Amino acid sequence: MLLKNVEKHELRAHFKRIRAKLEKSNKEELDLKLAERFLTSEQYIGCRVLFAYVSTPIEVDTSVIISSALADGKKVAVPKCDRDGNMEFYYITELSQLKKGMFSIMEPDVERCNKVKNYDNAVCLVPALSYDKSGSRLGFGKGCYDRFLSDFSGKKVGLIYECCMCDALPTESHDLPVDTVITEKEIYSSNKNSQAKG
């Protein structure tokens, strides 16, 4: 799907409709496939710290990934966003350290968690409504990840349903692509400009 010249707000509405039409059982199956593909990827296996968003119902589910990373002994960090769109990550050691925060999204309880200050050997899962094959991203419009990723030195990975992939997305100067996009069918590497089927 080529949507280079379509306005971002139209694209967001388009991909939200696609997500809304997914049957619950189909979405659960896709989420599990995506989790399995990520958890067996070189990006996950090689990282020491996983930066993971806590998913909302419209997003690719990250619950299995977070639980698996904790069980595997990885350091797991999740984001907290303020009203100005600034985002910081905090380490969690168990899911009970999450509480409902901005936009009703589960966030770390900052009184029980330590703030992340080091991005060495880290992988960040970046949420999106759509990705294209070069790693460009259509976010949710709040700008939190754009600001955070400008200072993030680790690897960036996008998880997305194949039905939400595009050939090309409109981009702006502040938009930062991810290094790898994983779908239930393919792995797209923006660094190597290659694609691996699986």
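None of these values were measured; they are calculated from a predicted model.

**Some words on the overall build of the chain**
Helices and strands together make up the secondary structure of the chain, namely 5 helices and 13 strands. A compact globule built from 198 residues should have a C-alpha radius of gyration of about 16 Å, and the chain, at 16 Å, falls within 12% of that. Over its C-alpha atoms, taken along the principal directions, the chain stretches across nearly 45 × 35 × 35 Å. Counting only residues that meet the buried cut, the chain has 48% of its 198 residues in that class. Sequence separation of at least 24 residues holds for 65% of the intrachain contacts in the chain that already meet a minimum separation of 6. Surface accessibility of the chain: about 10,200 Å² in total, with carbon and sulfur atoms responsible for 48%.

**Topic: the nonpolar core**
Counting residues in each nonpolar core, the largest one holds 58 residues, and the members touching the most others are Phe38, Leu50, Phe51 and Leu125. Contact partners of Phe51, with chain neighbours within four places excluded, come to Ala77, Phe89, Val116, Asn118, Tyr119, Ala122, Val123, Cys124, Leu125, Phe148 and Phe152.

**Section: helix α2 (residues 24-39)**
Within an α-helix, residues lying three or four positions from one another point in the same direction, as the helix has 3.6 residues per turn. Across its 16 residues, α2 extends 22 Å between first and last C-alpha, which sits within 8% of the 22 Å expected from 1.5 Å per residue. Those residues of α2 that fall on the buried side of the exposure criterion are Lys27, Leu30, Asp31, Leu34, Ala35, Arg37, Phe38 and Leu39.

**Overview of the sheet that holds strand β7 (residues 130-132)**
Across the sheet, 3 strands lie side by side as β8-β7-β10; this open sheet has mixed pairing. Looking at the sheet topology across the chains shown, the edges are occupied by β8 (137-138) and β10 (165-166). Note: β7 against β8, 2 bridges, orientation antiparallel. Its bridge partner being in β8, Ser130 is matched across the sheet by Leu138.

**A look at the layout of surface pockets**
When its volume is computed, the largest pocket comes out at roughly 610 Å³. What lines the largest pocket is a set of 32 residues, among which Arg137, Phe140, Lys142, Cys144 and Tyr145 lie closest to the centre. Taken together, the residues of the lining of the largest pocket sort by class into 15 nonpolar, 7 polar and 10 charged.

**Re the environment of Glu10**
Along the chain, Glu10 turns up in helix α1 (residues 8-21). Overall, Glu10 belongs to the partly exposed group, its relative accessible area being 42%. Between the alpha carbons of Glu10 and Ile58 there is a distance of 17 Å; along the sequence they are 48 residues apart.

Thresholds applied
Residues numbered from 1 in each chain as written. Predicted model: local features only at pLDDT ≥ 70, side-chain atom pairs only at ≥ 80, totals over all residues. Heavy atoms only, no water. Helix = DSSP H or I, 4+ residues; strand = E, 2+ residues; numbered from the N terminus. Rg over C-alpha atoms; globule rule 2.2 N^0.38 Å. Buried < 20%, exposed > 50% of the residue type's maximum accessible area, 1.4 Å probe, protein only. Contact = heavy atoms within 4.5 Å. Areas by Shrake-Rupley, 256 points an atom, 1.4 Å probe, with all protein chains shown as cover. Core = buried A, V, L, I, M, F, W, Y, C linked by side-chain atoms within 4.5 Å. Expected span 1.5 Å × (residues − 1). Pairing = 2+ DSSP bridges. 1 Å grid on protein atoms, 1.4 Å probe; cavity = no way out; pocket = protein on both sides within 12 Å on 5 of 7 lines; lining within 4 Å. Points joined across faces, edges and corners; volume = space filled by probe spheres on them. Nonpolar A, V, L, I, M, F, W, Y, C, P; charged D, E, K, R; others polar.

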